[in-house]
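Observations on the model geometry
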Protein chains: 2
Amino acid sequence: MLILKKKDIIQHVDLNKNLIPIIEDAFKSLSKGLVMMPPIMRIDIKKYHGESDVKAAYVEGLDSFAIKIASGFFDNPKLGLPSSNGLMVLLDSKTGVLKSVLLDEGYLTDTRTAIAGAIATKYLSNQNANSVGIIGAGIQAKLQLQAIMLVRKINKIIVWARDQTKANQFIESFKDINLNLHIASSCKELASLSEIIVTTTPSKKPLLEFDWIKKGTHITAMGSDSEQKNELDPHMLKQCDQYVPDNQLQTSVLGELHHALKQNLISSKEKFNDLGDIINDPRLGRKNKEDITICDLTGTGVQDTAIARFAYNLCKANNLGINI
Amino acid sequence: MLILKKKDIIQHVDLNKNLIPIIEDAFKSLSKGLVMMPPIMRIDIKKYHGESDVKAAYVEGLDSFAIKIASGFFDNPKLGLPSSNGLMVLLDSKTGVLKSVLLDEGYLTDTRTAIAGAIATKYLSNQNANSVGIIGAGIQAKLQLQAIMLVRKINKIIVWARDQTKANQFIESFKDINLNLHIASSCKELASLSEIIVTTTPSKKPLLEFDWIKKGTHITAMGSDSEQKNELDPHMLKQCDQYVPDNQLQTSVLGELHHALKQNLISSKEKFNDLGDIINDPRLGRKNKEDITICDLTGTGVQDTAIARFAYNLCKANNLGINI
């Protein structure tokens, strides 16, 4: 059994183009019905503003599968600790024997989440979209932007964050790349300047309205991963030209779709093409240059299995980690 | 972060009386509503007759909580591997930071399951019950018997197993203790000789019928932990004097109760006292010497949190394990 630490994993896994087909394959398998992916388990610790989520997925034909624990404890920064944390466990598909514990501290979750954003942008935004508006200024704000730059030639970045200091730090962190950087005074202003928008916040109130969105814009909403979180006005899902969930079973209970269903704006019987359906058949993606598209990412266990296997295989091949 | 292996854990955790109050406290907290315990997650890998279950529970006021992965891969013996496997992960309740990975290979699950059987017997069987019938001859058959001997003075053991060789091996393994040992030719014969009965099989068809059970008998059914498994004729739950689930939410979907509900023998509105209710107030337990009582054990996350914390604290105090 191999114990891998974050320091091992980051030597071979970073946000680069090689990861795109790995995560695409995961979504493709999910769309083809080749994945056994149980509902997410959540342990809420309200007293400490904390939660631990467990995600897992077995993909038919793969010799291992992952069970992932990801924690968010939102008072941690006051204690000088990161709010996110986590580990992945890799089990043998044939025997259930433990192959590896990946002590990635949430790094692989962050990475596979950003790559899903790149994939959404690749299949749903206009080819020549070159301006990105990022809502939020945390870790995913940075990673989503970097991931989008793997698939689109970006020359303008707009950011909005509730905390102006964080927006400044965000811009500061990108100042070395020779791009047009702008802090928007509102989400409305941000929308007026962006052809691609990514929402990356834990907001419980919608931040974007449909009327603010330019024709042809693609929006990736990746902040909402629990019942209360909500970044888009639920009407947007009905008004847009195409709504794409990462996994409709999940977005129905945790994502933006959840709120549109609750308000009876969309019928629970309506079936959307999942992101994997579009990767399998890209003609199901963006139809027209003027379309407004929305991708709703809640994060799936199959992405975790894909990236855990990728990290394990690379680290093992390079003799990293501790055998126990 | 402390990695504990099975060889560390077995030095300080074994099936003894000290564990009874530890697991009793877990059930008591559950009964008092002090536990956040999500539904069990299950990953089924039908191709290899395997499944991995994830259980978890946070107990208010405790500084850590466990998430447990337990696997059963039923073709493993053909490969010379045990069918059960597992590990527990202990997280800090305040920060979500990983405190320990307990590579117990299912040992702690086996132990806390047997202790739950001891607790059921302690509160529900007659004080002077001295004959135990064990149905099944696997690991839990042995452990349940040993656990019962912690709480009742047993002088007669009856065993029945589908596989006669295994029944012989079972008896052989207990031959050093000076007791009356008997292999029953049927479950009916076993029932006619037993004041306490424990069912420990993965049977999908009922093995016991109400008419076979002697007055005053206590039955612990611990084999059923998934929808299809079923050891007791569902009518027994209605006919007995007292039915006690470890956790009614779980037994309604996984345990013996599930089958009685499905056959409309018991209304889904009926509320039973859980095992923890009876530990909190033993007057809710057995009422009369002649009563037939049934305890339905599906295994709860709160037992896992209790035993993981117990094992971690003891191993840490004794400088065992590997700090990573």
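As the structure is a computational prediction, the values presented were derived from the model and not from experiment.

Scoring rules and cut-offs
- Residues numbered from 1 in each chain as written.
- Chains lettered and ligands numbered in written order.
- Predicted model: local features only at pLDDT ≥ 70, side-chain atom pairs only at ≥ 80, totals over all residues.
- Pairing = 2+ DSSP bridges.
- Helix = DSSP H or I, 4+ residues; strand = E, 2+ residues; numbered from the N terminus.
- Axes fitted to C-alpha atoms, helices over the stretch in contact; angles between N-to-C directions.
- Contact = placed C-beta atoms within 7 Å.
- pLDDT = per-residue confidence, 0-100.
- Expected span 1.5 Å × (residues − 1).
- Buried ≥ 20, exposed ≤ 12 C-beta atoms within 10 Å, placed from the backbone.
- Least-squares fit on C-alpha atoms with pLDDT ≥ 70 in both.

**Looking at the sheet that holds strand β8 (residues 131-135) of chain A**
Residue and element names in this part refer to chain A.
- Spatial ordering of the open sheet is given by β10-β9-β8-β11-β12-β14-β13, a layout of seven strands whose pairing is parallel. Unpaired on one side and paired on the other, β10 (180-183) and β13 (242-245) mark the two borders of the sheet. Averaged over neighbouring strand pairs, the angle between their axes works out to 15 degrees when direction is ignored.
- Sheet topology note: the strand β11 (residues 196-199)/strand β12 (residues 218-221) ladder contains four bridges and is parallel. Looking at β12, one finds that T199 is bridged to A221.
- Along the sheet, helix α3 (residues 107-124) contacts β11, β12, β13 and β14 (293-296); its crossing angle with β12, the most-contacted strand, is approximately 160 degrees.
- Its contacts with the sheet place helix α5 (residues 164-173) against β9 (156-160) and β10, and it is angled at close to 160 degrees to β9.

**Re the interface of chain A and chain B**
- On the chain B side, the residues contacting the 34 residues of chain A number 35 residues.
- Going through the elements one at a time, β3 (41-45), β4 (50-59), β5 (64-73), β6 (84-92) and β7 (98-103) of chain A are the ones with two or more residues in the side of chain A that touches chain B.

**Here's the deal with the sheet that holds strand β8 (residues 131-135) of chain B**
Residues and elements named next belong to chain B.
- Here we have seven strands laid out as an open sheet, ordered β10-β9-β8-β11-β12-β14-β13, and parallel in their pairing. Because the sheet does not close on itself, it has two edges, and the strands there are β10 (180-183) and β13 (242-245). Between one strand axis and the next, the sheet turns by 15 degrees as a mean value, whatever way the strands run.
- For β8 and strand β11 (residues 196-199), the ladder comprises four bridges, and the chain directions are parallel. Bridging across to β11, G133 finds its partner in I197.
- Sheet contacts for helix α4 (residues 139-148): β8, β9 (156-160) and β11; angle to β8, the most-contacted strand, approximately 160 degrees.

**Observations concerning the confidence of the model for chain A**
- When pLDDT is averaged along chain A, the result is 96; 100% of the residues meet or exceed 70.
- Quick note on the complex model: pTM equals 0.95, ipTM equals 0.93.

**A closer look at helix α11 (residues 301-317) of chain B**
Residue and element names in this part refer to chain B.
- When the terminal C-alpha atoms of α11 are compared, their 24 Å separation across 17 residues agrees well with the 24 Å that a helix rising 1.5 Å per residue should span.
- Burial runs high along α11: 13 of the 17 residues are buried.
- Trailing α11 by a residue or two, N319 shows a phi angle of about 55 degrees, which is positive.

**A short note on the relation of the copies chain A and chain B**
- With an axial shift of 0.0 Å and an RMSD of 0.0 Å, the rotation relating chain A to chain B amounts to 180 degrees. Such a turn and shift between the copies fits a two-fold axis. Distance from the rotation axis, computed per C-alpha, reaches its smallest value in chain A at M41 of chain A: 3.3 Å.

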